[in-house]
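The residues making up each chain are set out below.
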Amino acid sequence: MPELPEVETIARELRPLIVGKTFRKITLPWPRTVEDGQKEFQAALIDKKITRIDRRGKYLCFYLEDELRLTIHLRMTGKLVFEPEEKDKKHIRVVFEFSDRSVLYFVDIRKFGRMKLWPKTEPLLPHLGPDALEENTVFRALVNRESRRPIKTLLLDQEVLAGVGNIYADEALFMAGIHPLTPALRVSKQRLRKLSRHLPEILKKAIENNGTTISDYRRTGRLKGEHQFFLNVYGRTGEPCNKCKTPVVRICINNRGSHFCPECQPAPAGMKAATKARRRKGTPGV
Ligand SMILES: [Zn+2]
């Protein structure tokens with residue numbers, strides 16, 4: 001699933017291609033992609049010019065004339081392309097035609113991607129916490145959460161911090177030496193500070209590398225990201241840890257695979273037995 005660096009990459013690549021263009025026609029082969037109702041969606045966008053493209057959390061935000069905003073959440077498999085590949089053609093869910101006759105396609109195999117219009121009277125994406133791109137912002141978002149939830153779960157909560165998903169949560173916890181199941185309130189201030197420093201660093205590095213392509217994520221020109229070559233734990237189950245050579249372990253937390261090094265990220269006291277039992281039972285691969 002595209003996370004902050006992947007969506008940021010797409011926003012950067014779309015900007016020179018479509019800012020300044022005006023919607024001429026919109027067709028919806030799969031109307032449920034839009035949350036506003038097909039007719040309302042089409043009527044609101046026709047003849048509107050795109051003035052700016054931005055990103056918040058994992059959402060792409062198109063700013064339009066009349067202070068209308070359009071958000072796009074790519075979810076699992078959504079992508080925006082100008083030239084769909086042959087295999088993508090049956091998965092086109094939205095077709096945006098511009099007044100210069102160019103056409104942008106929203107392709108989405110799994111159909112989880114969603115678009116929504118935000119009139120100027122509505123605050124944009126009010127449920128989202130701050131972007132996880134600054135150390136102090138991340139620290140403030142995490143430090144006073146007296147949460148018993150695992151720290152990994154807290155990192156994935158978009159109301160706490162926006163933009164972090166499974167890949168970068170696992171990578172940041174590895175760099176900070178924190179076991180993903182550690183209850184958030186038991187992570188020391190010192191470790192939280194370390195996590196708050198590493199998480200934005202990792203996200204920024206991933207943006208430099210145009211995101212991570214594990215399966216479906218593609219950049220606008222269908223290119224893959226390159227950050228998958230820099231991952232320490234995510235998707236490396238059974239492979240030696242880059243720091244200590246202990247095999248990387250995968251466990252499930254809230255139905256999401258979590259990857260960590262049991263040596264570099266020791267389980268907190270009281271949890272070691274449970275973790276060992278879980279490992280003995282064995283867990284499925286990535
Ligand atoms: Zn290690």
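Residues numbered from 1 in each chain as written. Predicted model: local features only at pLDDT ≥ 70, side-chain atom pairs only at ≥ 80, totals over all residues. Heavy atoms only, no water.

1. Let's talk about a nonpolar patch on the surface
And step 1. A cluster of nonpolar side chains, namely M1, M76 and F112, defines an oily patch on the protein surface of about 260 Å² accessible area.
And step 2. Note on placement: M76 falls in the loop between β4 (69-73) and β5 (78-81). (Patch = residues over 30% accessible without salt bridge, like charges linked within 9 Å, V, L, I, M, F, W, Y side chains within 5 Å. Areas by Shrake-Rupley, 256 points an atom, 1.4 Å probe, with all protein chains shown as cover. Salt bridge = Lys/Arg side-chain N within 4 Å of Asp/Glu carboxyl O. Helix = DSSP H or I, 4+ residues; strand = E, 2+ residues; numbered from the N terminus.)

2. Re the coordination of the zinc ion
And step 1. Those donors, C241 (SG), C244 (SG), C261 (SG) and C264 (SG), are the protein atoms that reach the zinc ion, and they lie 2.2 to 2.4 Å from it.
And step 2. Of note is the zinc ion, whose four donor atoms meet at the metal with angles of 99 to 113 degrees in an arrangement that counts as tetrahedral.
And step 3. Taking the relative accessible area as the measure of exposure, C264 reaches 22% and is therefore partly exposed. (Donors = N, O, S within 2.8 Å, 3.2 Å for Na, K, Ca; no water. Tetrahedral: all angles 85-135°; square planar, octahedral: opposite > 155°, others 65-115°. Buried < 20%, exposed > 50% of the residue type's maximum accessible area, 1.4 Å probe, protein only.)

3. Section: the domain arrangement of the protein chain
When the parts of a complex come together, some accessible area is lost, and that lost area is often used as the size of the interface.
And step 1. Taken domain by domain, the protein chain comprises domain 1 (4-118) and domain 2 (135-281).
And step 2. Averaged C-alpha coordinates put domain 1 and domain 2 at centres separated by 30 Å.
And step 3. Counting residues at the interface gives 22 residues for domain 1, matched by 19 residues for domain 2.
And step 4. Between domain 1 and domain 2 lies a buried interface of about 1,600 Å² when both sides are counted; carbon and sulfur atoms form 61% of it.
And step 5. Together, P5, E6 and E13 form the three largest contributors to the area buried by domain 1 at its contact with domain 2, with a combined 30%.
And step 6. Counting across the interface, domain 1 meets domain 2 through zero salt bridges.
And step 7. Taken together, domain 1 and domain 2 are joined by three residue pairs in polar contact (both at pLDDT 80 or more). (Domains from an automatic or database assignment. Contact = heavy atoms within 4.5 Å. Buried area = accessible area lost by both parts, 1.4 Å probe. Polar contact = N/O pair within 3.5 Å; in protein donor to acceptor, adjacent residues only side chain to side chain.)

4. Observations concerning the nonpolar core
And step 1. Residues L142, I151, L155, L161, L192, L195 and L199 are the most contacted members of the largest nonpolar core, which totals 33 residues.
And step 2. When contributions to this core are tallied by element, the ones reaching two or more residues are α3 (135-143), α4 (151-156), α5 (166-176) and α6 (189-208).
And step 3. Element by element, the count of residues in this core is highest for α6, at seven residues.
And step 4. In this structure I151 touches L173, I178, H179, P180, T182, P183, A184, V187, L192 and L195, once residues within four positions along its chain are discounted. (Core = buried A, V, L, I, M, F, W, Y, C linked by side-chain atoms within 4.5 Å.)

5. Comments concerning the environment of F98
And step 1. Here F98 shows up in strand β6 (residues 92-98).
And step 2. Since its relative accessible area comes to 0%, F98 is described here as buried.
And step 3. When the C-alpha positions of F98 and G257 are compared, they lie 41 Å apart, and in sequence the two are 159 residues distant.
And step 4. What F98 contacts, discounting residues up to four positions off in sequence, is I18, K21, T22, F23, R24, I50 and L104.

6. Things to note about the layout of surface pockets
And step 1. In this structure, the largest pocket spans a volume of roughly 430 Å³.
And step 2. Residue lining of the largest pocket: 21 residues in total, with M1, M76, I214, S215 and Y234 positioned closest to the centre.
And step 3. Listing elements by their share of the lining of the largest pocket, those giving two or more residues are α5 and β10 (256-260).
And step 4. It is β10 that contributes the most residues to the lining of the largest pocket, three residues altogether.
And step 5. Its residues assigned to classes, the lining of the largest pocket comprises eight nonpolar, seven polar and six charged.
And step 6. When residues are assigned to domains, the lining of the largest pocket turns out to be shared by domain 1 (4-118) and domain 2 (135-281), each giving three or more. (1 Å grid on protein atoms, 1.4 Å probe; cavity = no way out; pocket = protein on both sides within 12 Å on 5 of 7 lines; lining within 4 Å. Points joined across faces, edges and corners; volume = space filled by probe spheres on them. Nonpolar A, V, L, I, M, F, W, Y, C, P; charged D, E, K, R; others polar.)

7. Observations regarding a positive patch on the surface
And step 1. A cluster of basic side chains, namely R191, K194, R197 and K243, defines a positive patch on the protein surface.
And step 2. Secondary-structure assignment places R191 in helix α6.
And step 3. With a relative accessible area of 36%, R191 lands in the partly exposed category. (Lys, Arg positive; Asp, Glu negative; His and termini not counted. Charge placed at Lys NZ, Arg CZ, Asp CG, Glu CD.)

8. Section: the sheet that holds strand β7 (residues 103-108)
And step 1. Taken together, the four strands give an open sheet; going across it, the order is β1-β6-β7-β5, and neighbouring strands pair in antiparallel fashion. The open sheet has two edge strands with one neighbour each: β1 (23-27) and β5. On average, each strand axis in the sheet is inclined to that of its neighbour by 15 degrees, with strand direction left out of account.
And step 2. As paired elements, β1 and β6 share four bridges and run antiparallel to each other. Each residue of the ladder has a partner; that of F23, found in β6, is F98.
And step 3. The strands touched by helix α2 (residues 38-45) are β1 and β6; relative to β1, the strand with the most contacts, the crossing angle is about 165 degrees. (Pairing = 2+ DSSP bridges. Axes fitted to C-alpha atoms, helices over the stretch in contact; angles between N-to-C directions.)

9. Observations regarding the sheet that holds strand β3 (residues 59-64)
And step 1. Taken together, the four strands give an open sheet; going across it, the order is β2-β3-β4-β8, and neighbouring strands pair in antiparallel fashion. The sheet terminates laterally at β2 (50-56) and β8 (114-118), the two strands that pair on one side only. Pairs of neighbouring strands in the sheet enclose a mean axial angle of 20 degrees, with direction left out of account.
And step 2. Two strands pair when backbone bridges link them, and β4 and β8 are joined in this way by five bridges, in the antiparallel orientation. Looking at the pairing, H73 lines up with R114 of β8.
And step 3. The sheet contacts of helix α1 (residues 4-18) involve β2 and β3, and relative to β2 the element is tilted by about 170 degrees.

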